[in-house]
Each structure stands twice: as C-alpha cells, then as structure tokens.
Amino acid sequence: QVQLIETGGGTVQAGGSLRLSCAASGRTFSSYDIGWFRQAPGKEREFVSAISHGSGALIYYADSVKGRFSISRDNAKNTMYLQMNSLKPEDTAVYYCAATPRDMSGTYLDYRTWDYWGQGTQVTVSS
C-alpha cells in the first residue's frame, strides 16, 4: 500500500506558477506508476499527467497542459512533483496525486483505473 499527501496548492494570478508535491509513505513507491488528476466543481476528475516507475520513464500529458506543466519523481525522497507554469483560470481545480502498481500506459486517462489517492490540494488561478 501507498499513502499519498499533496502539498503546494494556493492562489496565483494568471500567468503565474506553482509546484505541487506528493509525498508517499509506502516502501514500494519506486515500483508504482504515479500521476496527477484534477477536478473542478461539477465536473468529473480529469487526467493531467502521469509517469511510469522504471528507468527511461514513460510520460504522458493532457493536451490542455502540454508545454506548461512538467511531471517528475524522486524515488530516493518518495516524492513526485507537478510543476505548473503559465497558469490559466481554466486550471482552477482540486489537484490529486495517484498511484497504481499496474502498468498504466493503456489506462491512465481514466481515474477509475488508479488505486491510491491523496487528499487533494486546491489550486486557484485568478484572472
């Protein structure tokens, strides 16, 4: 099992940046694929980004964040990150980190296929 805790959310002006962190408590973090999702009020949880666990990691981004967001992980620190630049009001949402022991390369878009979740952190982008 993996326990996840997100930090780093807040309120920023459009065009600004935030870095989200997700700390994992489990000893098997390095063997898990990890990802980020977000959910705005009244909307389904949507995929943001994901990264696989092995060397030569596979990385995926939603079209809406390509070129602006960057996902990374530091297995030695049991932590993953989401660097968010050029933020837009449309990015406003609760952001969640997620993990799965399975290969997520074919299923990452669907939040229902991920196994472990953090509590979420609010990101608000003002215009």
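Residues numbered from 1 in each chain as written. Predicted model: local features only at pLDDT ≥ 70, side-chain atom pairs only at ≥ 80, totals over all residues. Heavy atoms only, no water.

Engineer: Before we move on, could you go through the state of the cysteines and cite the residues and values that matter?
Structural biologist: Inspection of every chain in the model, using the stated rule, returns one disulfide. Across the disulfide from C22 sits C97; the S-S distance is 2.0 Å. Residues C22 and C97 are joined through a disulfide that is right-handed, its torsion about the S-S bond being 55°. With a gap of 75 residues between them, C22 in strand β3 (residues 18-24) and C97 in strand β9 (residues 93-100) connect regions that are remote in the sequence. For the pair C22 and C97, a shared accessibility class is recorded, and that class is buried. (Disulfide = S-S within 2.5 Å. Helix = DSSP H or I, 4+ residues; strand = E, 2+ residues; numbered from the N terminus. Buried < 20%, exposed > 50% of the residue type's maximum accessible area, 1.4 Å probe, protein only.)

Engineer: Please give an account of the pairing of strand β1 (residues 4-7) that cites residues and values.
Structural biologist: Look at any regular strand and the pattern is simple: side chains alternate between the two faces of the sheet. Here β1 shows a clear split, with L4 and E6 buried on one side and none of I5 and T7 buried on the other. Two elements, β1 and β3, share four bridges in a ladder whose sense is antiparallel. From the neighbouring strand, L4 faces β3, where its bridge partner is A24. (Pairing = 2+ DSSP bridges.)

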